[in-house]
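Listed here are the chains, written in short residue letters.
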Amino acid sequence: MRDLTTTPLGGLGVEPAARVAHGAAGDGIASVLAFLGMPDIVSFAGGFPDPETFPRERVATLFEEFAASGEVTAFQYAPTRGLAGTLDVLAGRLETQEGRRPSDDEFVVTSGAIEALELVTKSFLDPGDLVVVEAPTYLGAIQAFRSFEAELEAVPLDEEGLDVEELERRLRGGLRPKLLYTIPDHQNPAGVTLAAGRREPLVELARRYGFLVVEDVAYRELGFSGETLPSLWSTAPDVVVQAGTTSKTFFPGVRLGWAVGPPEIASRLVDAKQNTDQCAGALGQRLFEESVRRGWIDEQLVRSRALYRRKSELLLAALERSMPAGARWTRPRGGFFSWLTLPEGASSVELAPRAAEAGVGIVPGTLFFPDGRGVDTVRLSFSLVDEALIDDGIERLASALAR
Ligand SMILES: Cc1ncc(COP(=O)(O)O)c(C=O)c1O
């Protein structure tokens, strides 16, 4: 049998990848995930939720109930916008948490936040359109925008999130983005949160210069204290699309998220979704709906916040103990990540393989910049690593760095 992995595609009469797939993944996310499969490695690489948070028994209970009651909805196709019950519980959560309840025409249930980004990209961007991203930003978003041949402009962030003043300087200098993508809460990869005082000015810039803000709230509900700042969407529902996910608060196996934004944009997303998977899986939507109605999601969140807070504290203490002078790192108030800046002259690209040899998985910061910057930075994810191994992992990373 032919080994398809080594056969040139042309030889099989298969055309090279379609145009929109070019420049897409590279080995970006794949290299992040690769560490997860390696035995005996302490991995600070992948930003996965801890399986300890997965609601196994409760999901089993719901399956039994669906079977016993003759439930059809969970097993059937769903409307493209989402099941009415799922839209209702998601709207209820936004109302409670963000103070604004979206109407159905502002809403679409998606197959994860990544699909929400894909739908926005697909229905909004033409090749060559300019997208502003944070530097650094979520790799999946870089890939989504790149796959549609958007031009990316990276605006730096600091401990207070996106540098809105720098953005304004560039806009005054002639920068004209169609869209700005931001992760205001517990950012991936930097672990920082956009300061309250920067939120209103940011959406004001969107109004003044006529661009759409895409707010990714993947970690918003995972603040260690449970407190949140006003979301950009609730601050300015006329210029913001919020992309959300249940991956970190429920479990990613259901691939369930949402996009909420101005009705004319939401309807474009629904049209785009009709051409992709047509609907998010009804099974996940029903599991999530029931879990919200029974108060299970909120209970799970309390436990998850405590777990990730503990892990974050262990990581920060370990960094304090082991890292050499000149290294610095962010102090997350929620989410999964801390962002490490290495001492002057050190390279994370060189460090990553040495760390792997020493049994530690890290992701070089360069992956999170659209322009290859960030060679002195590392994303450290504490979400999945075993609590008992955090100290040892950071010690080994520090020795690899010393070499
Ligand atoms: C900022 C951000 N957005 C979106 C996602 C993907 O979410 P989902 O699993 O819902 O596609 C992630 C997952 O790592 C993320 O970190």
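Quick notes on the rules
- Residues numbered from 1 in each chain as written.
- Predicted model: local features only at pLDDT ≥ 70, side-chain atom pairs only at ≥ 80, totals over all residues.
- Heavy atoms only, no water.
- Helix = DSSP H or I, 4+ residues; strand = E, 2+ residues; numbered from the N terminus.
- Buried < 20%, exposed > 50% of the residue type's maximum accessible area, 1.4 Å probe, protein only.
- Areas by Shrake-Rupley, 256 points an atom, 1.4 Å probe, with all protein chains shown as cover.
- Lys, Arg positive; Asp, Glu negative; His and termini not counted.
- Charge placed at Lys NZ, Arg CZ, Asp CG, Glu CD.
- Salt bridge = Lys/Arg side-chain N within 4 Å of Asp/Glu carboxyl O.
- Near = heavy atom within 4 Å.
- Polar contact = N/O pair within 3.5 Å; in protein donor to acceptor, adjacent residues only side chain to side chain.
- Nonpolar A, V, L, I, M, F, W, Y, C, P; charged D, E, K, R; others polar.
- Contact = heavy atoms within 4.5 Å.
- Pairing = 2+ DSSP bridges.
- Axes fitted to C-alpha atoms, helices over the stretch in contact; angles between N-to-C directions.
- Core = buried A, V, L, I, M, F, W, Y, C linked by side-chain atoms within 4.5 Å.
- Expected span 1.5 Å × (residues − 1).
- Parallel < 35°, antiparallel > 145°, perpendicular 65-115°, else oblique.
- Left-handed = near helix turned anticlockwise from the far one by under 90°.

**Q** Where do I start with the overall build of the protein in this structure?
**A** Scanning the protein from terminus to terminus reveals 13 helices and 14 strands. Overall size of the protein, expressed as C-alpha extent along the three principal axes, is 60 × 60 × 55 Å. Here the protein, with 403 residues, has 57% of them falling under the buried criterion. Taken as a whole, the protein presents about 17,100 Å² of accessible surface, with 53% of it coming from carbon and sulfur. The average position of the 41 basic charges and that of the 58 acidic charges among the side chains of the protein differ by 1 Å.

**Q** Mind showing me how you'd approach the pattern of salt bridges here?
**A** Side chains that differ in charge, positive against negative, can pair when their charged atoms come close. Per the stated rule, a full pass over the model turns up 33 salt bridges. For Glu65, the salt bridge is made with Arg294, and the minimal N-O distance between the two is 2.7 Å. Taken together, the positions of Glu65 in helix 2 (residues 56-69) and Arg294 in the loop between helix 10 (282-293) and helix 11 (296-322) put the pair 229 residues apart, joining distant regions of the chain. Judged by its relative accessible area of 33%, Glu65 is partly exposed. Of the charged contacts in the structure, one is a salt bridge between Arg199 and Asp185, with a shortest N-O distance of 3.0 Å. Within this pair, whereas Arg199 is found in helix 7 (residues 196-209), its partner Asp185 is found in the loop between strand 6 (179-182) and helix 7, the two being separated by 14 residues in sequence. Each member of the pair Arg199 and Asp185 is classed as buried.

**Q** Looking at this structure, how should I read the site of the ligand?
**A** Around the ligand, the surrounding shell holds 13 residues, and the nearest of these are Ala113, Asp216, Tyr219, Thr245 and Ser247. Between an oxygen atom of the ligand and a side-chain N or O atom of Thr245, the distance comes to 2.5 Å. Here an oxygen atom of the ligand and a side-chain polar atom of Arg255 are 2.8 Å apart. Protein coverage of the free-state accessible area of the ligand, which is 400 Å², stands at 91%. For the shell around the ligand, the per-class residue count stands at six nonpolar, four polar and three charged.

**Q** What is the right way to look at the side chain of Thr366 in this model?
**A** Tracing the chain through its elements places Thr366 in the loop between strand 13 (363-364) and strand 14 (377-381). Apart from the residues lying within four places of it in its own chain, the contact partners of Thr366 are Val349, Gly372, Arg373, Gly374 and Val375.

**Q** Can you walk me through the sheet that holds strand 7 (residues 212-216) in this structure?
**A** Strand-to-strand pairing in sheets goes through backbone hydrogen bonds, with the strands running parallel or antiparallel. Strand order in this open sheet of eight strands is 2-9-8-7-6-3-4-5, and the pairing throughout is mixed. Each edge of the open sheet carries a strand with a single partner, namely strand 2 (107-110) and strand 5 (161-162). When strand 7 meets strand 8 (residues 240-245), the two strands line up parallel, connected through four bridges. Paired with Asp216 across the strands is Ala243, a residue of strand 8. Helix-sheet contacts for helix 3 (residues 84-98) involve strand 2, strand 8 and strand 9 (257-260), and the interaxial angle to strand 2 is about 110°.

**Q** Help me out: how do you make sense of the nonpolar core in this one?
**A** Nonpolar side chains tend toward joint burial in soluble globular proteins. Grouped together as the largest cluster of nonpolar side chains are 83 residues, with contacts concentrated most on Leu167, Met323, Leu340, Leu380 and Leu397. With nine residues, the top contributor of residues to this core is helix 11. Those residues in contact with Met323 that sit more than four places away from it in its chain are Ala318, Trp329, Leu340, Ile394, Leu397, Ala398 and Leu401. If you look at the next biggest cluster of nonpolar residues, it comprises 37 residues, including Ala135, Val192, Leu212 and Phe368.

**Q** Is there a simple way to explain the sheet that holds strand 14 in this structure?
**A** If you trace the four strands from one edge of the open sheet to the other, you get 10-11-14-13, paired in antiparallel fashion. Each edge of the open sheet carries a strand with a single partner, namely strand 10 (328-329) and strand 13. This element, helix 11, spans strand 10, strand 11 (337-341) and strand 14 of the sheet and lies at about 15° to strand 11.

**Q** Would you mind going over helix 10 with me for this structure?
**A** Since the α-helix turns once every 3.6 residues, residues separated by three or four places project in the same direction. Here helix 10 is 12 residues long and its end C-alpha atoms lie 16 Å apart, about the 16 Å a rise of 1.5 Å per residue gives. Extensive coverage of helix 10 is indicated by the burial of 10 of its 12 residues. On the buried face of helix 10, the contacting elements are helix 2, helix 3, strand 2 and helix 11. A positive backbone phi angle near 80° is found at Gly295, which sits one or two residues after helix 10.

**Q** For this particular structure, what's the right way to read unusual backbone geometry?
**A** Residue Pro136 follows Ala135 across a cis peptide bond; omega there is 10°. By secondary structure assignment, the location of Pro136 is in the loop between strand 3 (130-135) and helix 5 (139-147). Looking along the chain, the bond that leaves Asn188 and enters Pro189 is cis, with omega of 10°. For Gln278, which is not a glycine, the phi torsion comes out positive at approximately 70°. Considering the arrangement of structural elements, one finds Gln278 in the loop between helix 9 (263-274) and helix 10.

**Q** Explanation requested: the packing of helix 4 (residues 113-124) against helix 9 in the structure shown.
**A** Two quantities define a packed helix pair, namely the angle between the axes and the distance from one axis to the other. The contact between helix 4 and helix 9 brings their axes to 9 Å, and the two run at 100°. In terms of orientation, helix 4 and helix 9 fall into the roughly perpendicular class. Residues Glu115, Leu119, Val120, Lys122, Ser123 and Phe124 of helix 4 form the contact with helix 9, whose participating residues are Ile265, Arg268, Leu269, Ala272 and Lys273. Here the residues of the contact of helix 4 with helix 9 sort into six nonpolar, one polar and four charged.

**Q** Where do I start with the packing of helix 4 against helix 5 in this structure?
**A** Two numbers describe how helix 4 lies on helix 5: the axes approach to 9 Å, and their chain directions differ by 25°. When the axis of helix 4 is compared with that of helix 5, the two are roughly parallel. Crossing of helix 4 over helix 5 shows right-handed handedness. Facing Ile114, Leu117, Glu118 and Thr121 of helix 4, the residues of helix 5 in contact are Gly140, Ala141, Ala144 and Phe145. Classifying every residue of the contact of helix 4 with helix 5 by side-chain character gives five nonpolar, two polar and one charged.

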